[in-house]
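Letter by letter, the chains look like this.
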Amino acid sequence: MPPLKMNAVAWGLLVVAGLAAPFLVYPVFAMKILCLALFACAFNLLLGYTGLLSFGHAAFLGTAGYVTGHTVKVLGFQPEIGILAGTATAAALGYVIGSLAIRRSGIYFAMITLALAQMVYFMSLQMPFTGGEDGLQGVPRGKLFGMIDLLHPLYMYYFVFAIFLPGFWVIYRTIHSPFGQVLKAIRENEPRAISLGYDVEKYKLTAFVLSAALSGLAGATKTLVFQLASLTDVHWHMSGEVVLMTLLGGMGTVFGPIVGAIVVVSLQNYGANIGEWVIVITGTIFVICVLAFRRGIVGELAILFKR
Amino acid sequence: MGSEYLLETHSLSKEFRGFVAVNDVSLRVKRGSIHALIGPNGAGKTTVFNLITKFLPPTSGKIFFDGIDITREKPAQTARRGVIRSFQISAVFPHLTVLENVRIGLQRSLGTSFHFWKSEKTLDVLNDRAMELLEAVDLASFAFVTTVELPYGRKRALEIATTLAMDPELMLLDEPTQGMGHEDVGRIVELIRKVSANRTVLMVEHNLSVVATLSDTITVMQRGSILAEGPYIEVSKNPQVLEAYVGTADE
């Protein structure tokens, strides 16, 4: 199959599966997958298409969660305003962290993002408005546009899906845009991109802010789903988990991170009753994947279909 | 129209922690000429390239392009003035198609390179021009091949096509025939001759027969300094140059 046709099929599957999901699985589970899938796709825009490994993406997910939680719970705004505020804050934070981190590359870039994300974590732990160890609990889902009661699981689900789809489309479009072409060129050969007259730092920073904003969108939505903003989402574990989801599903593939998110979230959910072992199992799968299927699930499948 | 010289360096020097890689190099590249930079390994040729293209900041000295002082510019800025370099290792974008490689060189002119909301189909207007460039380097039939699958010599040709896409005034070629078989060398030499019409070329090259056929002027470097300069016939008889070359050949 030609790649374009394959993409069309994948989009069709995605929409159908997305619409049917709440009737097949527990809606909150499906919503968690959608949020983390969007997060992983946003992360993949940097890792897979710009060649930048950020190890601090939890900062954007978590910060947006806190801001959304605060806007809705304490300030009493409607959910859509809360999500906008969370996303905007993540974008601004992305601009700050990105500006500092893109001055270095490779492992140093990863370390700077990790260090700055740790600062965000400790601030979240100490500052009063985040609720510290307790987090922000009981965040009301509220009424969308003052009309639709989001406490209803199905309404909430389709609201989340209606956020996920355009979010994912923005990433898809970015990858397949003139801007995306330059990003790929930077990923492939940065000195050459410079020698062709591209200010690579500006392109990297733009990609970083986009990725941070979309991660924030995912975090903001997640807070409404679970009615909770907590330290889990700013912890470095979460930064690691998004790397895992992206590599497992297929770095640099459009749909890979979604598959990765489904696998990881399913393992965590259905494996919860076997306790700590789920971490060992996830780790083993990760090791097998890195050793045997470097391209990730979707990457390997794409190669199979090409033959 | 500026002066006779398109590129001039004034006592350019570069030190790395006390090691002088480039020492007081004053180079003048004539507009419209092919100028070769030769010398034994470690003579500082590539460092001179990196200085001219701003990939390295000079320790002292000045660089003028078309009469404008570009010493303090950023590399991308200098590139946009029309100073485009190649690299020793072939500089292509391996996982893009051959056509996409050339389009990266062309697309900046559209001014949409930050437009992440536009479809990449908007780049298709560049395809005709890209195909012309690929034809010029004999790669048109490979347009939709992923670049990583091209043989080495073809990659270098693609690199030249991408460089041409920028319509550069000054092309800097770093060892364009390095690592090539006989046949490929011949093709690249023809290519350089073809594309150098109406342009200025400065190249680093080890293959002396390539240098002899192509260049109008030769600058010989040794240990970071200029040893001799002039047309091939003159330079090849210079006793110091002979010593430098024979000396290294004996080792």
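Criteria and cut-off values
Residue numbering note: each chain is counted from 1, following its sequence as written. Note on labels: chains are lettered from A, ligands numbered from 1, in written order. Where totals are concerned, whole chains, interfaces and linings use all residues; where local detail is concerned, this predicted model gives features only for residues with pLDDT of at least 70, and gives and counts side-chain atom pairs only at 80 or more. Neither water nor hydrogens contribute to the side-chain values; these are computed over all heavy atoms in the structure. Residue ranges for the domains trace back to a domain assignment, done automatically or taken from a database. Each pair of strands is called paired provided DSSP finds at least two bridges between the two strands. Here a helix means four or more residues in a row that DSSP labels H or I, a strand means two or more in a row labelled E, and each is numbered from the N terminus. To get an axis, fit a line to the C-alpha atoms, keeping to the stretch in contact for a helix; angles then go from 0 to 180 degrees between the N-to-C directions. Any two residues whose heavy atoms approach within 4.5 Å are treated as being in contact. Convention used here: angles under 35 degrees read as roughly parallel, angles over 145 as roughly antiparallel, angles from 65 to 115 as roughly perpendicular, and any remaining angle as oblique. Should the near helix be turned anticlockwise from the far one by less than a right angle, the crossing is termed left-handed; should it be turned clockwise, right-handed. Residue burial is assigned from relative accessible area. The probe radius is 1.4 Å, only protein chains are included, and a residue is buried under 20% of its type maximum, exposed over 50%, and partly exposed in between. Polar contacts here mean pairs of N or O atoms no more than 3.5 Å apart (in protein, one a potential hydrogen donor and the other a potential acceptor; neighbouring residues in sequence count only if both atoms are side-chain atoms). Definition of nonpolar core: a set of buried residues of the types Ala, Val, Leu, Ile, Met, Phe, Trp, Tyr and Cys, connected through side-chain atoms within 4.5 Å.

Student: Explain the domain arrangement of chain B to me, please; I cannot follow it from the model alone.
Tutor: Reports of interface size often rely on the accessible area that becomes lost once the parts have come together. Taken domain by domain, chain B holds domain 1 (5-91 + 168-250) and domain 2 (93-149). Computed over C-alpha atoms, the centres of domain 1 of chain B and domain 2 of chain B are 28 Å apart.

Student: Whenever I open this one, the sheet that holds strand β11 (residues 225-230) of chain B confuses me. Can you help?
Tutor: Paired through backbone hydrogen bonds, the strands of a sheet run either parallel or antiparallel to each other. All names here are of chain B. Reading across the sheet, the six strands line up as β7-β8-β9-β4-β10-β11 and stay open at both edges, with mixed pairing between neighbours. Both edges of this open sheet fall to β7 (83-85) and β11, since each of them pairs with a single strand only. Strand-to-strand, the axes of this sheet are offset by a mean angle of 20 degrees, without reference to chain direction. Across four bridges, the pairing between strand β4 (residues 34-38) and strand β10 (residues 217-222) is parallel. Residue pairing for β10: His35 is matched across the bridge by Thr217. Strands β7 and β8 (170-174) of the sheet are contacted by helix α5 (residues 152-165), whose axis makes an angle of about 160 degrees with β8.

Student: How do you make sense of the packing of helix α4 (residues 79-101) of chain A against helix α5 (residues 107-126) of chain A when you look at a structure like this?
Tutor: Helix-helix packing is described using two parameters, namely the angle between the two axes and the distance between the axes. Residues and elements named next belong to chain A. Close contact between α4 and α5 brings their axes to 9 Å; oriented N to C, the two are set at 140 degrees. Judged by the inter-axis angle, α4 sits oblique to α5. Judged by the sense of rotation from one axis to the other, the crossing of α4 with α5 is right-handed. In this structure, α4 uses Leu93, Ile97, Leu100 and Ala101 to contact α5, whose residues at the interface are Phe109, Ile112, Thr113, Leu116 and Val120.

Student: Looking at this model, I keep getting lost on the side chain of Ser54 of chain A. Mind explaining?
Tutor: Residues and elements named next belong to chain A. Structurally, Ser54 can be placed in the loop between α2 (27-47) and α3 (58-74). With a relative accessible area of 1%, Ser54 lands in the buried category. Within the structure, Ser54 has its side chain in polar contact with the backbone nitrogen of Gly56 (distance 3.3 Å). Separated by 2.8 Å, the side chains of Ser54 and His57 make a polar contact. Ignoring any residue separated from it by four or fewer positions in sequence, one finds Ser54 in contact with Phe43, Leu46, Phe109, Thr113 and Phe208.

Student: Just checking my understanding: could you explain the nonpolar core for this structure?
Tutor: Looking at soluble globular proteins, one finds that nonpolar side chains tend to be buried together. If you look at the biggest cluster of nonpolar residues, it comprises 104 residues, and the most contacted ones within it are Met156, Phe159, Phe164, Phe168, Phe255 and Ile258 of chain A. Looking at which element gives the most residues to this core, the answer is α2 of chain A, with 17 residues. Both domains that meet at this core, namely domain 1 (5-91 + 168-250) and domain 2 (93-149) of chain B, each give it at least three residues. The residues contacting Phe159 of chain A, other than those within four sequence positions of it, are Ile83, Leu144, Leu150 and Leu224 of chain A. Within the second largest apolar cluster, 42 residues are counted, among which are Val92, Leu126, Val189 and Val211 of chain B.

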